[in-house]
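An overview of the molecular structure
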Amino acid sequence: MHYRIQMATVLLFCLFQMAAAQKPADLKKNGEKAFDDGRWSEAKQLLSAYQEQKPGDNAVLTQLGIAHYHLHEPVKARKYLEYIVANAPNADASYYLGRCLHGLKEWEKAITAYKVFIKLVGDKHPLRANTIDQIKRCVAGQGILPNESIALVENLGNQINSAGDEFAPLPSYNFNDRIYYSAARQGSVGDLRNDLGYEDSNKGHYCSDMMTGKRMNSGWEYAGTLGSLLNTSRFEVPLGFDDNGQILYFFRGFTLFSGEFFADTATRKDEYAITPPVLSSPMQPEEGDRDPYFFNDSVLVFASRRSGGLGGLDLWISQRSGTQWSPPENLGAQINSAYDEVTPFLAKDGHTLWFSSNHQGTMGGFDVFKSVFNAKKAQWATPDNAGTPINSTEDDAFFRLTSDGQTAFFSSDRMDDNFGQRDIYAAYFKEIQMEQTGSKSGLFTETAKKQAADQVNEQRRAVIPAILYDGDQDILSTENRKTLDQVAMLARQMPKATLMITVHCNETGPAKFDLYNGIKRAEIASKYLLEHGVAAEKMTLRSVGAYYPLATTILEGKINEIGLRLNRRLEITFNSVQENFPIAVSLERPVVSELMAAQGTAALDAADKGVAFRVEAVTTRQMLQNDALSMFGDRMIESTAGSGNYRYCSGLFKAADQAISLRNDLQKQGFTEAKIVALVHGIAVSKAESVGLLKKFPELAGFIRI
């Protein structure tokens, strides 16, 4: 990488020396030729030298402005172009002035410049339709609010990026500190070539090689190419890995729009093989199918212009059964538009799709969007624009989340903070993207099929989401009241069911305060349910404090704010000792990644299944002030809705003799009325009831004998 930077510096110095040695006429002639060939840096040097010797040539000033624009120098470009538009307006200067102002987010001025361009050109000008779209994007850009609270975005720096074109970042399957990417720049295999693959130092371009970068303490560093067996004089682009991380899928072609897909096995090399095996898929890369994303080794989501789409590039899906791929299906009008949708990324949950589109609702070129599949409606939600800082006024694409959901890599040719053409960027999310946590789950199409199959039994199933809160005022928020209304309706339909309202919290101080605050929050919910027809005797309230966390609150030595929020929740379950309910009610908790999962809630769930025993130490009507109870584990407060009596309990055992031992210890500490309580599926049962349940639950025998 340092060699590449030195070579670029030497090249610029040589261009400067060459420009200084040429006559004005030669400077203009050679500068215009470099401009026509798209060699922007060389054109800038030569035309700048000409401008110094022969100032005031409006054509040269226009070309200088356009060259600066292509070199991502909008402020310098604007200086030239504004002068031309004010003094000798022409279509090219007006269009590129609009592009510069657009890139600088000066929306109204950009719209004015675009409109000047439209007035100067005829109806058949090739950029007229594009300019009208750009005006609409300026209007849309004004309505896309900054979203800095979501993520911090940074350029990976000049050790990864260059004055060339870096794109298609691919997070390593096995190493969190490594990425693969494609780069077309000086030093690429094959040097400068035209679209036919022939060497061409004037009009040729660099083809992209596959490279790798590694995160060091000092930042991201270039770590080399993938070698001569994979990189050739054509374009190579890394696409993805199989589910075991052993096969690299990649593209190879004379252009980025037509070629072949290959599958390289990382664990076994055939030294006699000239090329890796071609990837068998329903795609037709030679016809322009592109941007495949591989999910669960059996699903392809990709971009294509094939017939049956909505216009431009659409996103399609195909699934493999055995060795056969299904005919590709269009993802529909909720995702696709009359414009281009590209670079899809389907998160691990199989229901969250990230992609890029350049329709009229973007800020400029391609923006990154996110859509979540609604299983009940069997359709995609309207895609949300990711906003700034992920999106810019230029092209933002190839968005890929890392496996932990905390970081994403993407490419962008944004005007600011850019080394050349497209660069690789990282988005560091301030909250984990939950769709990327855990292992890969079922695909959205499977959920849709299951939903359709379950339509007949829809009224016999219900899901109750956990209620998240920050304080008491959140318990009855608008969204949470919807959940409580659903609970009340189900309770009225199943009058024999017992409701368990369990409140979890964070550790905020002495445990007795957390426990007491929890039972008060449970009372807020139970009071609402009482007012909506749920019988008080059918509701058991339970506060477990911070003893059974769902997520860790300390992560890598720092306070985990996400974990704290997930632990502040109220859960409602429908329980019965032995009767089956006419409606299957399940609890839906927030998804927690393996990285920050805690085992407390799972332990409480296990205790609530089947038979368990605990010790009721004392019943009070106020907060218990005797701190002796803090010596014992698994503390909680229970209450019956509307009673105002708080039963302070300890222990949660599967064997009665353990509860007996704890009861004796509590009595020695002054809790003389401590008694053992037996529970079946979380519901307290008397000795008389236990006799009737003994055949099904023989563990109750020890309780009966007490």
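Here we summarise the structure given alongside this text. (Residues numbered from 1 in each chain as written. Predicted model: local features only at pLDDT ≥ 70, side-chain atom pairs only at ≥ 80, totals over all residues. Heavy atoms only, no water.)

1. Focus on the pattern of salt bridges
- A complete count under the given rule lists 33 salt bridges for this structure.
- Lys370 serves as the salt-bridge partner of Glu435, at 3.4 Å between the closest nitrogen and oxygen. Separated by 65 residues along the polypeptide, Glu435 in the loop between β23 (423-429) and α9 (444-453) and Lys370 in strand β18 (residues 367-374) bring together distant segments of the chain.
- Lys370 sits in the partly exposed class, given a relative accessible area of 22%.
- Notably, a salt bridge pairs Lys527 with Glu531, separated by 2.7 Å at the nearest N-O pair. Here Lys527 and its partner Glu531 are both found in helix α11 (residues 511-531), 4 residues apart, which amounts to about one turn of the helix.
- Using a relative accessible area of 53% as the deciding quantity, one classes Glu531 as exposed.
- Put simply, Arg614, Glu616, Glu638, Arg647 and Lys675 are held in one network by salt bridges that share partners. (Salt bridge = Lys/Arg side-chain N within 4 Å of Asp/Glu carboxyl O. Helix = DSSP H or I, 4+ residues; strand = E, 2+ residues; numbered from the N terminus. Buried < 20%, exposed > 50% of the residue type's maximum accessible area, 1.4 Å probe, protein only.)

2. Concerning the side chain of Arg137
- With respect to the secondary-structure elements, Arg137 resides in helix α8 (residues 128-143).
- With no salt bridge to any partner, buried Arg137 finds its closest opposite charge in Asp133, at an N-O distance of 4.4 Å.
- Ignoring sequence-local partners within four residues, the contact set of Arg137 consists of His102, Asn130, Tyr339, Asn358, His359, Gln360, Thr362, Met363 and Gly364. (Lys, Arg positive; Asp, Glu negative; His and termini not counted. Contact = heavy atoms within 4.5 Å.)

3. Regarding the sheet that holds strand β8 (residues 235-241)
- Taken in spatial order, the 3 strands line up as β8-β9-β10 in an open sheet, and their pairing is antiparallel. In this open sheet, the two strands that pair with only one neighbour each are β8 and β10 (258-265). For this sheet the average axis-to-axis angle between neighbouring strands, irrespective of direction, equals 25°.
- Bridge count between strand β9 (residues 247-255) and β10: 7 bridges; the pairing is antiparallel. Its bridge partner lying in β10, Thr255 is registered against Ser258. (Pairing = 2+ DSSP bridges. Axes fitted to C-alpha atoms, helices over the stretch in contact; angles between N-to-C directions.)

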